[in-house]
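Listed here are the chains, written in short residue letters.
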Amino acid sequence: MKAESIFLRFSLIFSAILLTVSCAKKNSSSSESSDNFTVSEIAQTSGSDGLSGSFVVPENSISFLLSVFLDNNNSVVFKSLTDPDGIDILSFSSTPNLYLDASGSSGSSVTKYGYANVLIPQSPSFSAKTGKWTFTAYNNDRVKLALRKGVIPLEATIEVQPFITGITWSAENILDALTILSDIYLENGVKITINNTITITEGEYSSVSPTFTNTTTSALVKQGSSDAVNIFFIEDYSGIGSGILGNAAGMPGSMGEVNSWNGVLVSLSAHASGTVLDAQLLGETAAHEMGHQLGLFHTTEKGGNVFDILSDTPECTSSSLDNDSNGILTAEECDLFGGDNLMFWTSWSSTSRSSGKKQDKLSSFQQYVIKHSPIAK
């Protein structure tokens, strides 16, 4: 089974791996609702196996996101998630399964602090089966279900809310990049509705940590919309974020409510040459991080030995394609093996971009995940 260990988009120069750094509440309540999309808290009970709960997926359901929260930002995951047919899809012994792949899976290769989830479907191998689902979880403060019902349109629509921080660049400077983002998704069967950019001038938000549990980063992301993909074009990263083009709160992030994990960050300074922004690269980065937010993994990780969970995405293996044997695959080395995919782990070099190389392709299964996203319409 393919898996994913890194959720950051790197420049070719810099690379880093970031880990998005009692009794549970028992009350059940609805927090968001619309005709086809609802977010509700699930009642949990304590037992010898920790906390447990259940929910019913009604007929004509398209997808759901089951999220677990722990307010002290310690590590948090589910122990199990069992579908109406009795299959625990978080167990390594089940077929199919999301063991080690879903952020909410115990033993996931990327530890989740404060928040984790399971997205159904995160590949066409899974579906939001009608009936009763049950879960068990370790200590947490709440579990929420974002559920989408209805009919899947031929062309799904997703709302994007852009923000820009600092005073170096203005909303006008990112218009071209937002158009490129929209065009990339439209070419792959997804219509993007882009709201007016919101400018945030408070100095503390100009440069923020890439860690979503960081107090300032959390406060920034909490300014996002509950019903959109929030993209925060920050002036720069602080601390360990130096050189990163962008990063997402998860694969996927949170959907349907305002919290610290409902958004992605994109560095403007990392896309700048002097005072000029590379609109094509900026648009691709924003679209890439949005892909993570909606549940897509990197098709190939930088070492060439870890891949996503989708069977129709190209794999670029280090054993045959790492031409310089440095242990890091470039888009150029993977030119015919996914280097042009939107979700490849890193961008083309500046030379390749100057010659017209783009990363704007999504496979049929990648499109499937996005079109089924709980936040799509």
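Quantities reported herein were computed from a predicted structural model and do not represent experimental measurements.

Rules and cut-offs
- Residues numbered from 1 in each chain as written.
- Predicted model: local features only at pLDDT ≥ 70, side-chain atom pairs only at ≥ 80, totals over all residues.
- Heavy atoms only, no water.
- pLDDT = per-residue confidence, 0-100.
- Contact = heavy atoms within 4.5 Å.
- Pairing = 2+ DSSP bridges.
- Helix = DSSP H or I, 4+ residues; strand = E, 2+ residues; numbered from the N terminus.
- Axes fitted to C-alpha atoms, helices over the stretch in contact; angles between N-to-C directions.
- Phe/Tyr/Trp six-rings, centres within 6.5 Å; stacked < 30°, edge-to-face > 60°.
- Buried < 20%, exposed > 50% of the residue type's maximum accessible area, 1.4 Å probe, protein only.
- Core = buried A, V, L, I, M, F, W, Y, C linked by side-chain atoms within 4.5 Å.
- Salt bridge = Lys/Arg side-chain N within 4 Å of Asp/Glu carboxyl O.
- Polar contact = N/O pair within 3.5 Å; in protein donor to acceptor, adjacent residues only side chain to side chain.
- Disulfide = S-S within 2.5 Å.
- 1 Å grid on protein atoms, 1.4 Å probe; cavity = no way out; pocket = protein on both sides within 12 Å on 5 of 7 lines; lining within 4 Å.
- Points joined across faces, edges and corners; volume = space filled by probe spheres on them.
- Nonpolar A, V, L, I, M, F, W, Y, C, P; charged D, E, K, R; others polar.

Thoughts on the confidence of the model for the protein chain
Mean pLDDT for the protein chain: 91, with 91% of residues reaching 70 or above. Note on residues 1–32: pLDDT under 50 across the span, and 135 contacts to partners over four residues away in sequence or across chains.

So, the sheet that holds strand S5 (residues 50–57)
Spatially, four strands are ordered S4-S5-S9-S7 in an open sheet, and the strand pairing comes out antiparallel. Either end of the sheet is taken by a strand with one partner, and the two such strands are strand S4 (45–47) and strand S7 (78–82). Averaged over neighbouring strand pairs, the angle between their axes works out to 25 degrees when direction is ignored. Sheet analysis places S7 next to strand S9 (residues 131–137), joined by four bridges and oriented antiparallel.

What to know about the packing of aromatic side chains
Aromatic ring pairs: the centre-centre distance and the angle between the two ring planes describe each pair. The tally for this structure, following the rule as stated, stands at nine aromatic pairs. Ring geometry for Phe 55 and Trp 133: centres 6.3 Å apart, planes at 10 degrees, overall stacked. Of the two residues, Phe 55 sits in strand S5 while Trp 133 sits in strand S9, which places them 78 residues apart along the sequence. By relative accessible area, Phe 55 is classed as buried at 6%. A relative accessible area of 1% means that Trp 133 is categorised as buried. Ring centres 5.2 Å apart and planes at 20 degrees place the aromatic pair Tyr 115 and Trp 261 in the stacked group. With Tyr 115 in strand S8 (residues 115–120) and Trp 261 in the loop between strand S17 (244–248) and strand S18 (264–267), the pair connects residues that are 146 residues apart, well separated along the chain.

Some remarks on the nonpolar core
Within the largest apolar cluster, 86 residues are counted, with the highest numbers of intra-cluster contacts made by Phe 55, Phe 64, Leu 66, Ile 158, Tyr 185 and Phe 233. If near-sequence neighbours (up to four positions away) are discounted, Tyr 185 is found in contact with Val 190, Ile 192, Ala 287, Met 290, Gly 291, Leu 342, Leu 362 and Ile 370. Grouped together as the second largest cluster of nonpolar side chains are eight residues, Leu 321, Leu 329, Trp 345 and Trp 348 included.

Details of the pattern of salt bridges
Inspection of the entire model under this criterion finds eight salt bridges. Its salt-bridge partner being Lys 79, residue Asp 49 comes within 3.5 Å of it at the nearest N-O pair. Placement of Asp 49 in the loop between S4 and S5 and of Lys 79 in strand S7 is noted, with a sequence separation of 30 residues between them. You can call Asp 49 partly exposed: its relative accessible area is 44%.

A word on the side chain of Gln 122
Relative to the helices and strands, Gln 122 resides in the loop between S8 and S9. Overall, Gln 122 belongs to the buried group, its relative accessible area being 1%. Engagement of the side chain of Gln 122 in a polar contact is seen with the backbone oxygen of Met 251, the distance being 3.0 Å. A distance of 3.0 Å separates a polar side-chain atom of Gln 122 from the backbone oxygen of Gly 295. With residues near it in sequence (within four places) discarded, Gln 122 still touches Ala 102, Met 251, Pro 252, Gly 295, Phe 297, Ile 309, Leu 310 and Val 369.

Overview of the environment of His 372
By the element assignment, His 372 lies in the segment after helix H6 (364–371). With a relative accessible area of 11%, His 372 lands in the buried category. Distance in space between the C-alpha atoms of His 372 and Ala 156 is 8.3 Å, their sequence separation being 216 residues. Residue contacts for His 372: discarding those within four places in its chain leaves Ile 62, Ser 63, Pro 121, Arg 148 and Ile 152.

Looking at the state of the cysteines
One pass over the structure, following the stated rule, counts one disulfide. Linked covalently through their sulfurs, Cys 316 and Cys 334 form a disulfide whose S-S length is 2.0 Å. As the torsion about the S-S bond is roughly -85 degrees, the Cys 316-Cys 334 disulfide counts as left-handed. In this pair, Cys 316 sits in the loop between helix H3 (279–293) and helix H4 (318–321) while Cys 334 sits in the loop between H4 and helix H5 (350–354), placing the two residues 18 residues apart along the sequence. Judged on exposure class, the residue Cys 316 and its partner Cys 334 are both buried.

Observations concerning empty space enclosed by the protein
When its volume is computed, the second largest cavity comes out at roughly 60 Å³. Lining the second largest cavity are Val 39, Leu 65, Ser 67, Phe 69, Lys 144, Leu 145, Ala 146, Ser 254, Met 255 and Glu 257. Elements represented by at least two residues in the lining of the second largest cavity include exactly strand S6 (61–69) and strand S10 (142–149). Tallied by class, the residues present in the lining of the second largest cavity amount to six nonpolar, two polar and two charged.

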